[in-house]
Amino acid sequence: MPLPENPMFHVVYGRNLLRSLAETANPPYLIVTMPELLSMVKEEFEERNIGYVHFALSLDINDLENLAENLPQQINSVIGIGGGRALDVAKYVAWRKNLPLFQLPTATSTNAAFTHRIAVRIEGVVKYIGWAIPQVVYIDFDIIKRAPPHLNRAGVGDVFCIHTALYDWKLATERSMEKLWPWDPELAEEARKVLQTVRNYVDEIANVTETGIRILTEAHRWTGAVYHNAGWNPRPIEGCEHFFYYTLEYITRKAYIHGEIVCLGILFMSVLQDNDPEDIWRSIKAAKVRIKPEEIGEEWSTIEKALKLTRKYAIDNKLFYTTIHEREITDEIIKKAKDLLYSSQYSSV
Ligand SMILES: [Zn+2]
């Protein structure tokens, strides 16, 4: 079987791209950003015809609909400037109002700039809906380097998840529990190559070098596109490591840094899968992703509660079949992952 074609979003790398964007998008525009980025945005867009600045604080479907339906004036284009949430809110407005979209991620924290869908929350549950293709995604090296390094490093989560996702995909196929997207060895191999490339450059990514930014962005471009281009097949890029993230967010209703929780999920689920957890943990550690509960501001008891509830969450929300459906998160599994997390034997790679 030939691989599906995988056309990806247009991306441009460079510098001074925010300033150029102010002269590119058709005004008046809606700028979707975060409060902490307002001064940077104002500097570049000052005295221009900015339609409206919206702070992306919520991905709740009702809040998003409200925003789209109550835009204060005529808007001719939408500009997303920020991390995953800002880019997703920008996508939502562009989709609902049929407007041209320009995306400028300020960190490499997620693949949100490169996916058609928007990760909305409906009563706290994540659903991927919509359709938005940006005119272009601008990657400004100077802006990315200004972001807190932990945000940039967290972006490996949406690539390292291929490690646990592929295991789940194969398992589900073997159990005859995957009717829509049976295991495709060639597509899996492509995904594995993307994963390996990022793993090969993990030090560059940890240090947020220009090479690291490019490698990670190109991987996000691939993972973002393949979901749609393989027929909305999430299997190569999502498994029970993401289900853990959804469950944790659901029970606490907190906004986490996506990739940090996904990486914690990869550690636990690769232990559960007996899928070479030491190996993928080496890469997470080398990328310097924060995943210890004390680093991400969460209690161990809450993490454990989410882990033990992940199966129920997956079944209640009819998520696809994964390891979590058939293996118990025992205290022994948790201890094994915890021991790895606090071991120092992998400090140098
Ligand atoms: Zn993700």
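Rules of the game
Residues numbered from 1 in each chain as written. Predicted model: local features only at pLDDT ≥ 70, side-chain atom pairs only at ≥ 80, totals over all residues. Domains from an automatic or database assignment. Helix = DSSP H or I, 4+ residues; strand = E, 2+ residues; numbered from the N terminus. Nonpolar A, V, L, I, M, F, W, Y, C, P; charged D, E, K, R; others polar. Buried ≥ 20, exposed ≤ 12 C-beta atoms within 10 Å, placed from the backbone. Contact = placed C-beta atoms within 7 Å. Pairing = 2+ DSSP bridges. Axes fitted to C-alpha atoms, helices over the stretch in contact; angles between N-to-C directions. Parallel < 35°, antiparallel > 145°, perpendicular 65-115°, else oblique. Left-handed = near helix turned anticlockwise from the far one by under 90°. Right-handed = clockwise from strand over helix to strand, strands pointing away.

Q: How should the domain arrangement of the chain be read in this particular structure?
A: Segmentation of the chain into domains returns domain 1 (11–143) and domain 2 (150–341). Just the C-alpha atoms count here: the centres of domain 1 and domain 2 sit 26 Å apart. For the side of domain 1 that touches domain 2, the secondary structure elements donating two or more residues are β1 (11–14) and β7 (125–129). Of the residues contributing to the side of domain 1 that touches domain 2, the split by class is eight nonpolar, nine polar and no charged.

Q: Would you mind showing me how to read the environment of Ile261 here?
A: Turning to its location among the elements, Ile261 is positioned in helix α12 (residues 258–273). Take Ile261: there are 26 C-beta atoms within 10 Å of it, and that puts it in the buried class. Considering only alpha carbons, one finds Ile261 and Tyr246, 15 residues apart in sequence, at a separation of 9.4 Å. With residues near it in sequence (within four places) discarded, Ile261 still touches Tyr245, Leu248 and Tyr256.

Q: Would you mind going over the sheet that holds β1 with me for this structure?
A: Two strands in a sheet stick together by hydrogen bonds in their backbones, pointing the same way (parallel) or opposite ways (antiparallel). The strand order β1-β8-β5-β4-β2-β3 describes an open sheet built from six strands, whose pairing is parallel. Each end of this open sheet is capped by a strand with a single partner; those strands are β1 and β3 (50–55). On average, each strand axis in the sheet is tilted by 20 degrees relative to the strand beside it, whichever way the strands run. By the bridge criterion, four bridges tie strand β2 (residues 29–33) to strand β4 (residues 77–82) in an arrangement that is parallel. Residue pairing across strands places Tyr29 opposite Ser77, the latter belonging to β4.

Q: It is not clear to me how the packing of helix α11 (residues 240–252) against α12 should be interpreted in this structure. Could you clarify?
A: Think of two packed helices as two axes; the pair is described by the angle between the axes and how far apart they sit. The geometry of α11 relative to α12 is characterised by a closest axis approach of 8 Å and an angle of 125 degrees between their N-to-C directions. For the element pair α11 / α12, the angle class is oblique. You can see that α11 and α12 cross each other, and the crossing is right-handed. Each of Cys240, Glu241, His242, Phe244, Tyr245 and Leu248 in α11 lies in contact with α12, whose residues at this interface are His258, Ile261, Val262, Gly265, Ile266, Phe268 and Met269.

Q: Sorry, what's going on with the pairing of strand β5 (residues 101–105) here?
A: Counting buried positions over the five residues of β5 gives five, a clear majority of the element. Side chains Leu101, Gln103 and Pro105 project from β5 onto one buried face, and the interleaved Phe102 and Leu104 project onto a second face that is buried too. When β4 meets β5, the two strands line up parallel, connected through five bridges. Considered in β5, the bridge of Gly82 is made with Pro105. A crossover links β4 with its parallel partner β5, the connecting element being helix α4 (residues 84–97), and its sense is right-handed. Relative to strand β8 (residues 136–140), β5 is paired through two bridges, and the arrangement is parallel. Counted as the bridge partner of Phe102 is Val136 from β8.

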